Amino acid sequence: MANHLTSWIKVKANDDTLKYVDSLITKAEEKIENDTYGITAFAKAFYQDVDCGDGGGVMYDWANDNIGPKWTYLEDVQDEGEFSTTSAWYPPKEFFIHLYKLCAELDENVEIEVQYEDEGHDPIGAMVVKKDKDGTPCIWEEEDTIDNPTDDMDWEDEGYDEAQQDFYDKIYEAKQELLKECHELILTDGEPI
C-alpha cells in the first residue's frame, strides 16, 4: 500500500443539503497561510473543534479520532456534493460518518457514496453511509485488490498500453460493483454509526 489514497465522495441529498456541502467545500478550498496542502483548511471547514498545534497544523491524534487518517485534504471539486479527497494510507471513514451526520440534519434520507483507490491500486474499495432497512444510520465498506498486469512489463513493451487500459477498466468496474454491494449489504448488515 502506498501513502496516498484518493476517495471520490458523492452526497445524495436534497438541494439545500447539496448547497450546504458545497459551501463547506468552498471553505476548504480557501487555504490558510502555511497550509501547503490545505489539510488545516479542510479540517476547519468541516469541524468546529479542530485541535491544532503551535504551528497551526492539525494534530495527528485529533485527526485520527475525528477524520480517520493522520492527514486529509481536498483534491478535486465537481460541485453539487461531489468531490474527492487525498488521505494518508486509509480512506477517511470517520470524516464520511461526520459528513453524513452534518447532512442528516438537513435531509434525513441523505446517502454518502464513496469509491476509493490507493495510488498503488491496493486497495480499491467503496463505502456507503445511509439508513438500513430499519431506519438506523449505518456504514458499510467493501475492498478488493486487482493484480496489475503491467507490473512485469516495461512501458515500451508490445501490448503495454492495452494491458494498462484493461487494468484501469477492471478497477473502474470493480469499484462500481463494490459500491453496489455496499448499498445491498448495508440494509441488513450495516454497522450502526
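Computed from a prediction, not measured in an experiment: that's the story for all the values here. (Residues numbered from 1 in each chain as written. Predicted model: local features only at pLDDT ≥ 70, side-chain atom pairs only at ≥ 80, totals over all residues. Heavy atoms only, no water.)

Asks: What is the right way to read the overall build of the protein chain from this model?
Replies: Assigned secondary structure in the protein chain consists of 5 helices and 7 strands. Across the protein chain, helices and strands are ordered from the amino to the carboxyl terminus as β-α-α-α-β-β-α-β-β-β-α-β. Taking the principal axes of its C-alpha atoms as reference, the protein chain extends roughly 55 × 45 × 30 Å. Across the 193 residues that make up the protein chain, the buried fraction comes to 42%. A separation threshold of at least 6 residues defines the contact pool for the protein chain, and within that pool the share at least 24 residues apart is 60%. Carbon and sulfur atoms make up 41% of the accessible area of the protein chain, which amounts to about 10600 Å² in all. Of the side chains in the protein chain, 15 bear a positive and 50 a negative charge, and the two mean positions are spaced by 8 Å. (Helix = DSSP H or I, 4+ residues; strand = E, 2+ residues; numbered from the N terminus. Buried < 20%, exposed > 50% of the residue type's maximum accessible area, 1.4 Å probe, protein only. Contact = heavy atoms within 4.5 Å. Areas by Shrake-Rupley, 256 points an atom, 1.4 Å probe, with all protein chains shown as cover. Lys, Arg positive; Asp, Glu negative; His and termini not counted. Charge placed at Lys NZ, Arg CZ, Asp CG, Glu CD.)

Asks: Please clarify how the packing of helix 1 (residues 15-29) against helix 4 (residues 93-104) should be interpreted in this entry.
Replies: Angle between the axes and distance between the axes: these two values describe a pair of packed helices. Orientation of helix 1 relative to helix 4, taken along the N-to-C sense of each, is 130 degrees, at an axis distance of 10 Å. It follows that helix 1 is oblique to helix 4 by the angle criterion. The element helix 1 and its partner helix 4 pack so that their crossing is right-handed. Seen from helix 1, the contacting residues are T17, Y20, V21 and L24; seen from helix 4, they are L99, L102 and C103. The class makeup of the residues in the contact of helix 1 with helix 4 is 6 nonpolar, 1 polar and no charged. (Axes fitted to C-alpha atoms, helices over the stretch in contact; angles between N-to-C directions. Parallel < 35°, antiparallel > 145°, perpendicular 65-115°, else oblique. Left-handed = near helix turned anticlockwise from the far one by under 90°. Nonpolar A, V, L, I, M, F, W, Y, C, P; charged D, E, K, R; others polar.)

Asks: Looking at this model, I keep getting lost on the nonpolar core. Mind explaining?
Replies: Of all hydrophobic cores here, the largest spans 34 residues; its most connected members are V11, F46, F95, L99 and I112. Looking at this core, the elements that each hand over two or more residues are strand 1 (4-12), helix 1, helix 2 (39-46), helix 3 (60-66), helix 4, strand 4 (111-118) and strand 5 (124-131). Broken down by element, the residue count for this core peaks at 7 residues, all from helix 4. Other than its neighbours up to four places away in sequence, I112 contacts I9, K10, V11, F96, L99, Y100, M127, V128 and V129. Core analysis: the next-biggest nonpolar cluster, separate from the first, contains 11 residues, A126, C138, A174 and L179 among them. (Core = buried A, V, L, I, M, F, W, Y, C linked by side-chain atoms within 4.5 Å.)

Everything listed here is a matter of geometry and, on its own, says nothing about what the molecule does.
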